[in-house]
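Close look at the chain arrangement
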Amino acid sequence: MTRSEIISSTEPAPTGAALLEVDDLYVEFRQRSGTVHAVNGVSYSLAPGQTLAILGESGSGKSVSAQAIMGILDTPPAVITGGIRFEGRDMLAMQPEDQRKIRGPGISMIFQDALSALNPVYSVGWQIGEMFRVHQGASRKEAKQRAIELMDRVRIPAAARRVNDYPHQFSGGMRQRVMIAMAIALDPRILIADEPTTALDVTVQAQVMDLLKDLQQETGMGLILITHDLGVVNEVADDVAVMYAGRIVERGTVDDVFTRPAHPYTEGLMKSVPQVEAKGGRLQPIVGQPPNLAAIPSGCPFHPRCAHRRLGAAAAPGRECATDDPPLRLVAPGREAACHYSEEVLGV
Amino acid sequence: MTDQQQRDLLHDEVEAGTTTGLASPSVDVTSARQNSLWSDAWGSLRRNVLFWIGAVLTVLFAVMAVFPQLFARGQDPRACDLANSKALPSAEHWFGYDVQGCDYMANVVYGARNSLIIGIVAVLVVLVLGVLVGALAGYFGGWTDGILSRLTDVFYALPLILGALVLLRVGPSTSIPIINTRGPGAVALALALFGWMTAMRLVRSQVIAVKSSDYVAAARAMGASNTRILVRHIMPNAVAPVLVYTTITIGVLIAAEATLTYLGVGLQRPAISWGLQIAAGQDSIRTAPHLVLFPSIVLTLTVMAFIMMGDALRDALDPRQRA
């Protein structure tokens, strides 16, 4: 039985409605020097208990899209268009006050670097307890008690003794646990984890991911995992969306995408990772640089770096990589990719 | 790395998903109620020697301001005999006599009231104006910042002394309360009104720096309101520089009062203040240096007391500075 089956057997999904639907999301930053197109038409949906990994390199728009969903981008300079529906309600059309009430109990977020994401002047117990005081009007005594319970739940040893300690008195792994405790305090329906393990060393990484998995099984929340770490994706995610230049270039289940990539970029990513079977061989990096988001290449944004590109006469009509922008299309059952020549990449 | 962090790390590495005996919630809890920022800060202040020296001095000067007769050794500051003019300190009269032949110790003691009122009232107004305007400008940015910053620039263009001079000169002929009295309240307000801008800029730049920090984004992502973010998350991290600035400014403002008096618009005799005494004493600094020395010493002690308390408070508000 897979994890998603366990959850669906204990927690029946609400009929029809996805937890979160992102529909043709665009985020631009208008600056004096030009417009930066950070997110360009991203769509996905998330079901209860599902883990969706959003994979991409720095500057692919993965964090910005999460921040747009979270509603923590400053507008201006950011301009957000498209649809973000949480349990069927359009977050972008909502009053700021209503949006604020969703943050915490509805959608919650874990930040990459817990040391900078925790306020240095408050004890960790105060910060975890703040969730209960803000959203449920809990008393200080009650908030503290529940903070200790949460710290126990994320396996911080001697929680009752450490509740009055400050963030700088914790180790990196413990701090990230505090951050997780804050994020899950109100049993959110959706948890967005923005590179939750990037700042941690490898042994601690595995524990934090295990903790997130366990918590998800307990609560049935939807988990969006933003990362550039292929190993982490492989370990915990059900589905993966690969982002490049602010758009999704490939989507499918983790097993499918990892074993048979349908987009040249994904293929490049897989080849750039050391593998036990390929021991002794050379790693193949993706040539070139990630695109400048203020000047995204015409046609397929990946074409300047693509090993499968077809230009000029070599291209099929309407599928010239340098001029025709490939839409995200169904390339195999349950597989979507934004490439004119996905079938070739798949080797069909 | 501290011992605790070492233990955490050990735990991180050993514990692989199972709870250990360490995580027993029955360890003693010092208090069931959640500590606030201020109760933690007070706990740290209580153990700070500098804070207590500053506090004792401040209380001493405050009592002196309210009940000067307790410290004047039975002398009346206005009972003068010109025969004693500029007499040097003696066993009977510790601070000697001033130009008019009045007991100088009594004068210095009675001067505490006006000087402290001016220094403290002015600095409180500076603090309130600076923090309020600076925090709003820094937090909301955009056109709010534009308007408030330009307003600050307008005040910056007017020099402190010139602005206060004009206000105090025109003040008595207006019907604005306090300003039309020419008392210490008017002097304090005049000084504060043209002296709050540096505090505003300090707070504004601090707030801008703190605003873009991850923990503010995190607080927003957890559903905290604007007010809560500003008051609970930004301000405690932004007040340190302005606290230090204002405690030093108390002395500057008390001294500025002397300048205004010298220019003929501040407090006037028969009012008694340290500023007046220092200004008057300068004329005879070669023959009677004690006339400048004693009011300067008490002024310095006052400023020092506030600086010590300000420093201690700054450290207390930053958990990383606590021992």
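Everything numeric in this text was worked out from a predicted model, so none of it was measured.

1. Structural notes on the overall build of chain B
Each helix and strand in chain B was counted, giving 13 helices and 0 strands. Going through the 323 residues of chain B one by one, you find that 42% of them count as buried. Partitioning the contacts of chain B with sequence separation of at least 6, the portion at a separation of at least 24 is 68%.

2. Let's talk about the overall build of chain A
In terms of regular secondary structure, chain A is built from 13 helices and 12 strands. Computed over the C-alpha atoms, the radius of gyration of chain A is 21 Å, within 12% of the 20 Å expected from 2.2 N^0.38 for a compact globule of 348 residues. Referenced to the eigenvectors of the C-alpha coordinate spread, the extents of chain A come out at roughly 75 × 50 × 45 Å. Expressed as a percentage of the 348 residues in chain A, the buried residues total 49%. Within chain A, counting contacts between residues at least 6 apart in sequence, those at least 24 apart form 64% of the total.

3. A look at the confidence of the model for chain A
For chain A, mean pLDDT is 82; residues scoring 70 or higher make up 94% of the total. Within the model, the stretch residues 1-15 of chain A combines pLDDT values under 50 with 17 contacts to residues more than four positions away or in other chains.

4. Re the domain arrangement of chain A
Where the parts come together, the accessible area they lose is often given as the size of the interface. Residues and elements named next belong to chain A. One can read the domain layout of chain A as domain 1 (3-237) and domain 2 (262-346). Spacing between the C-alpha centres of domain 1 and domain 2 amounts to 30 Å. Facing the 8 residues of domain 1 at the interface are 6 residues of domain 2. In the side of domain 1 that touches domain 2, the residues fall into 3 nonpolar, 4 polar and 1 charged.

5. Considerations on the environment of Arg309 of chain A
All names here are of chain A. Here Arg309 is to be found in the loop between α12 (264-271) and β11 (329-332). Assessed through the 20 C-beta atoms surrounding it within 10 Å, Arg309 is described here as buried. When the C-alpha atoms of Arg309 and Tyr341 are compared, they prove to be 8.2 Å apart, with 32 residues separating the residues in sequence. If near-sequence neighbours (up to four positions away) are discounted, Arg309 is found in contact with His303 and Cys321.

6. Observations concerning the sheet that holds strand β10 (residues 247-253) of chain A
Residues and elements named next belong to chain A. Pairing is mixed in the open sheet, where 8 strands are placed in the order β6-β7-β8-β3-β9-β10-β12-β11. At either margin of the open sheet sits one strand with a lone partner, and together these are β6 (107-110) and β11. Each strand of the sheet is rotated relative to its neighbour by a mean of 25°, with strand direction disregarded. Sheet topology note: the β11/strand β12 (residues 335-337) ladder contains 3 bridges and is antiparallel.

7. Re helix α9 (residues 202-219) of chain A
Residue and element names in this part refer to chain A. For α9, built from 18 residues, the straight-helix expectation of 26 Å at 1.5 Å per residue is met to within 8% by its first-to-last C-alpha distance of 26 Å. All of the buried residues along α9 are Val204, Gln205, Gln207, Val208, Met209, Leu211, Leu212 and Gln216. Within two residues after α9, Gly220 carries a phi angle of roughly 70°, on the positive side.

8. Comments concerning the packing of helix α5 (residues 142-157) of chain B against helix α8 (residues 197-211) of chain B
Each pair of packed helices can be described by the angle between their axes along with the distance between the axes. Residues and elements named next belong to chain B. α8 packs onto α5 with a crossing angle of 145° between their chain directions and a minimal axis gap of 10 Å. As α5 packs across α8, the resulting crossing turns out to be left-handed. Contacts from Thr152, Phe155 and Tyr156 in α5 reach Met197, Met200 and Arg201 in α8. A class-by-class count of the residues in the contact of α5 with α8 yields 4 nonpolar, 1 polar and 1 charged.

9. Re the sheet that holds strand β5 (residues 89-90) of chain A
All names here are of chain A. Pairing is antiparallel in the open sheet, where 4 strands are placed in the order β2-β1-β4-β5. Where the open sheet ends on each side, the last strands, each with one partner, are β2 (34-46) and β5. In this structure, strand β4 (residues 78-86) lies alongside β5, joined through 2 bridges in antiparallel fashion. Across the sheet, residue Phe86 finds its bridge partner in β5, namely Arg89. Here helix α2 (residues 62-70) sits on the sheet and contacts β1 (20-31), β2 and β4; the angle it forms with β1, its principal contact strand, is near 110°.

10. Some remarks on unusual backbone geometry
Not every positive phi belongs to a glycine, and Glu87 of chain A is a case in point at roughly 50°. Here Glu87 of chain A lies in the loop between β4 and β5. The exposure class assigned to Glu87 of chain A is partly exposed, which follows from the 15 C-beta atoms found within 10 Å. In the Ramachandran plot, Lys86 of chain B falls in the positive-phi region, its phi being about 60° despite a non-glycine side chain.

11. Quick look at the packing of helix α9 (residues 214-221) of chain B against helix α10 (residues 226-238) of chain B
Residue and element names in this part refer to chain B. Where α9 meets α10, the axes come as close as 10 Å, and the angle between the chain directions of the two elements is 145°. Our pair here, α9 against α10, has a crossing hand that is right-handed. The residues of α10 that touch α9, namely those facing Tyr215, Val216, Ala219 and Arg220, are Ile229, His233 and Ile234. For the contact of α9 with α10, the per-class residue count stands at 5 nonpolar, 1 polar and 1 charged.

12. Quick word on the environment of Met197 of chain B
Residue and element names in this part refer to chain B. Topologically, Met197 is positioned in helix α8. Remark: the alpha-carbon pair of Met197 and Gln268, spanning 71 residues in sequence, is separated by 28 Å. Contact partners of Met197, with chain neighbours within four places excluded, come to Thr152, Phe155 and Tyr156.

13. Some remarks on the environment of Thr51 of chain A
Residues and elements named next belong to chain A. The topology assignment puts Thr51 in strand β3 (residues 51-55). Taking C-alpha positions, Thr51 is 5.9 Å from Ile224, a pair spaced 173 residues apart along the chain. If near-sequence neighbours (up to four positions away) are discounted, Thr51 is found in contact with Gln216, Leu223, Leu225, Val236, Ala237 and Asp238.

14. A closer look at the pairing of strand β8 (residues 222-227) of chain A
Residues and elements named next belong to chain A. Of all 6 residues that make up β8, 6 are buried, and the element is covered over most of its length. Along β8, one buried face is formed by Gly222, Ile224 and Ile226 and the opposite face, lined by Leu223, Leu225 and Thr227, is buried too. Bridge count between β3 and β8: 5 bridges; the pairing is parallel. Bridge pairing links Ile54 to Ile226 in β8. The sheet contact formed by strand β7 (residues 190-194) and β8 spans 5 bridges and is parallel. In the strand pairing of β8, Ala193 is matched with Leu225. As for the winding sense of the linkage, the β-α-β connection from β7 through α9 to β8 is right-handed.

Each value, and the rule that gives it
Residues numbered from 1 in each chain as written. Chains lettered and ligands numbered in written order. Predicted model: local features only at pLDDT ≥ 70, side-chain atom pairs only at ≥ 80, totals over all residues. Helix = DSSP H or I, 4+ residues; strand = E, 2+ residues; numbered from the N terminus. Buried ≥ 20, exposed ≤ 12 C-beta atoms within 10 Å, placed from the backbone. Contact = placed C-beta atoms within 7 Å. Rg over C-alpha atoms; globule rule 2.2 N^0.38 Å. pLDDT = per-residue confidence, 0-100. Domains from an automatic or database assignment. Nonpolar A, V, L, I, M, F, W, Y, C, P; charged D, E, K, R; others polar. Pairing = 2+ DSSP bridges. Axes fitted to C-alpha atoms, helices over the stretch in contact; angles between N-to-C directions. Expected span 1.5 Å × (residues − 1). Left-handed = near helix turned anticlockwise from the far one by under 90°. Right-handed = clockwise from strand over helix to strand, strands pointing away.

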